[in-house]
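# What the coordinates show
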Amino acid sequence: MTPQAITVPQRSGDPRLIRAAWISLLGLAFLVAQALTATAQTRPGSFADLAERISPAVVNITTATSVAGNTNPSPMVPEGSPFEDFFRDFMDRNDGPGRPRRSSALGSGFVISEDGYIVTNNHVIEGADVVNIEFFSGEELEADVVGTDPNTDIALLKVSSDEPLPYVDFGDSDTARVGDWVMAMGNPLGQGFSVSVGIVSARNRALSGTYDDYIQTDAAINRGNSGGPLFNMDGDVIGVNTAILSPNGGSIGIGFSMASNVVTRVVDQLQEYGETRRGWLGVRIQDVDEDIAESLGLEEANGALVTDVPEGPAMEAGIEAGDVIVTFDGVDVEDTRQLVRVVGNSPVGKTVRVVVFREGQTQTLSVTLGRREEAESAVPASVEQEAEPEEKDILGITVTRLNEDLREQLGVAENLNGLVVTAVDEMSEAYEKGLRAGDLITEAGQTKVQSVAELEEQIAAARDAGRRSLLLLVRREGEPRFVAIGLEDG
């Protein structure tokens, strides 16, 4: 802010003008002071008040699990040896060979309601026989497991207390910005209640799970912090501390917290049903790369390419292999990860509008979602076709029609037909794209092919349409994927 120049009248001037000038000057000084104060407040001088307010809702979790005892044979000591009594006493003190023993683990969690619901990580309590909760006050209670969700590594516990428990609320993780202050609380390395602060380092991180949506933070997170809360500066939980990236097992400033907007949906379902109930579309999908987009005539490499449609909601609605799902329930689909999350977050039984790109144009279909947890993949049967032996080199691969001998050798299901890849030129694009001997080509140009002649027809049709590549549906050990192969050298 650049101060404005103010000319103060001389003492010999009108007293009212002099008074007005001084009032303006003082007002400007006040505004400058306010601006400086606001700037200083973006860098907290202390987190003590926040930590004091929310600490009572954070808990330490100790689990006990029965594990099989040592099954190794006991030491062989000759009968009558002077060491016989020593080894017998030693084994008795250690409960003897083969007897079960107790194993314990430590973690963290936080109370989300005054009646005793507690959130933590699934891996903290998985397989535990006893789950003990230690509160900030020192009180200890035993918890029951209400439900778990291994997909997001979230578990919901419940304790019974005569008094209302201090609790914290979930915040909106979508409002967290990179650079915002955050506070992590928990029980690192079993040292008891501990607080660390840092910033949001990144958003929307994916590690290995289907539903991953992690907040990355440099707030110190160590073993024992698992299941603990990540707070924003309002004291709301925006993440559940779940994992660290480290070469030595300790914090190096790369920690991951499952975003609260994922956690709240899971917790609500666990609280209501004791299990998760995710929407299920019933398709196998893969990302659309630039080559696939070009081969299909898509302007951009967006959407989710359907590679297979087993019996289920998608099949009933008319979705086909080769369709590109571009919109789901009004949401534009960027890639497979986003589609899986959007479908999973949709209510079971909901009828949604799905827009697919098929044969150069879009179609809108209505799909009634099933439940993912109950879904069982099934492939419709088809009429068995007799195979005639023929072989040809084309597009850098050698293909032959599938016959019963090859079907048996490769373990191809009875309902599948197509062309078997018997060899691949290691200098070809097909080899670079991952095609290998033993692969089964079931479609070319989104049309089923069972003979070399049918494959050649699709190659010619693609060239006539001005396409530079041909989309193949390839199966390996039953798993389908699309591969776009260039036509220039074919």
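These notes cover the structure that comes with them. In this text the structure is predicted, and so the values were computed from the model without any measurement.

Reading the values: rules and limits
Residues numbered from 1 in each chain as written. Predicted model: local features only at pLDDT ≥ 70, side-chain atom pairs only at ≥ 80, totals over all residues. Heavy atoms only, no water. Helix = DSSP H or I, 4+ residues; strand = E, 2+ residues; numbered from the N terminus. Buried < 20%, exposed > 50% of the residue type's maximum accessible area, 1.4 Å probe, protein only. Contact = heavy atoms within 4.5 Å. Areas by Shrake-Rupley, 256 points an atom, 1.4 Å probe, with all protein chains shown as cover. Patch = residues over 30% accessible without salt bridge, like charges linked within 9 Å, V, L, I, M, F, W, Y side chains within 5 Å. Salt bridge = Lys/Arg side-chain N within 4 Å of Asp/Glu carboxyl O. Lys, Arg positive; Asp, Glu negative; His and termini not counted. Charge placed at Lys NZ, Arg CZ, Asp CG, Glu CD. Core = buried A, V, L, I, M, F, W, Y, C linked by side-chain atoms within 4.5 Å.

## Things to note about the overall build of the chain
Looking only at helices and strands, the chain features 11 helices and 27 strands. Going through the 490 residues of the chain one by one, you find that 42% of them count as buried. Across the chain, every contact between residues at least 6 apart in sequence was considered, and the portion connecting residues at least 24 apart equals 62%. Total accessible area computed for the chain in this model is approximately 26,200 Å², and 47% of it derives from carbon and sulfur atoms.

## Focus on a negative patch on the surface
On the surface, Glu391, Asp393, Asp425 and Glu426 cluster together into a patch of negative charge. By the element assignment, aspartate 393 lies in strand β21 (residues 391-394). Overall, the relative accessible area of 57% leaves aspartate 393 in the exposed class.

## Some remarks on the environment of valine 111
Examined against the element boundaries, valine 111 turns out to sit in strand β2 (residues 101-111). Along the chain, valine 111 and proline 56 lie 55 residues apart, while their C-alpha atoms are 8.9 Å from each other. Not counting the four nearest positions on each side in its chain, valine 111 is found in contact with Ala57, Val59, Tyr117, Ile118, Phe135, Leu165, Pro166, Tyr167 and Val168.

## A closer look at the nonpolar core
Judged by nonpolar contacts, the single largest core of 26 residues is most densely connected at Val119, Met183 and Phe231. Elements with a minimum of two residues in this core: α2 (48-54), β3 (117-121), β6 (154-158), β7 (181-186), β11 (237-244), β12 (255-259) and α5 (260-273). No other element matches the five residues that α5 contributes to this core. The residues touching methionine 183, leaving out its near neighbours within four places in the chain, are Phe47, Leu50, Ala51, Ile54, Val195, Ser196, Val197, Pro229, Leu230, Phe231 and Met233. Ile394, Leu435, Val449 and Leu472 belong to the second-largest nonpolar core, a separate cluster that totals 22 residues.

## Things to note about the pattern of salt bridges
This model, assessed by the stated rule, comprises 21 salt bridges. Note that arginine 177 and aspartate 180 form a salt bridge whose closest N and O atoms lie 4.0 Å from each other. With a relative accessible area of 60%, arginine 177 lands in the exposed category. Between arginine 371 and glutamate 374 there is a salt bridge; the shortest N-O distance is 3.1 Å. Of the residues examined, arginine 371 reaches a relative accessible area of 13% and is grouped as buried. Residue glutamate 374 is classed as exposed on the basis of its relative accessible area, which comes to 55%. By sharing partners, the salt bridges in this structure join Asp149, Glu275, Arg277, Arg278, Arg371, Glu373 and Glu374 into a single network.

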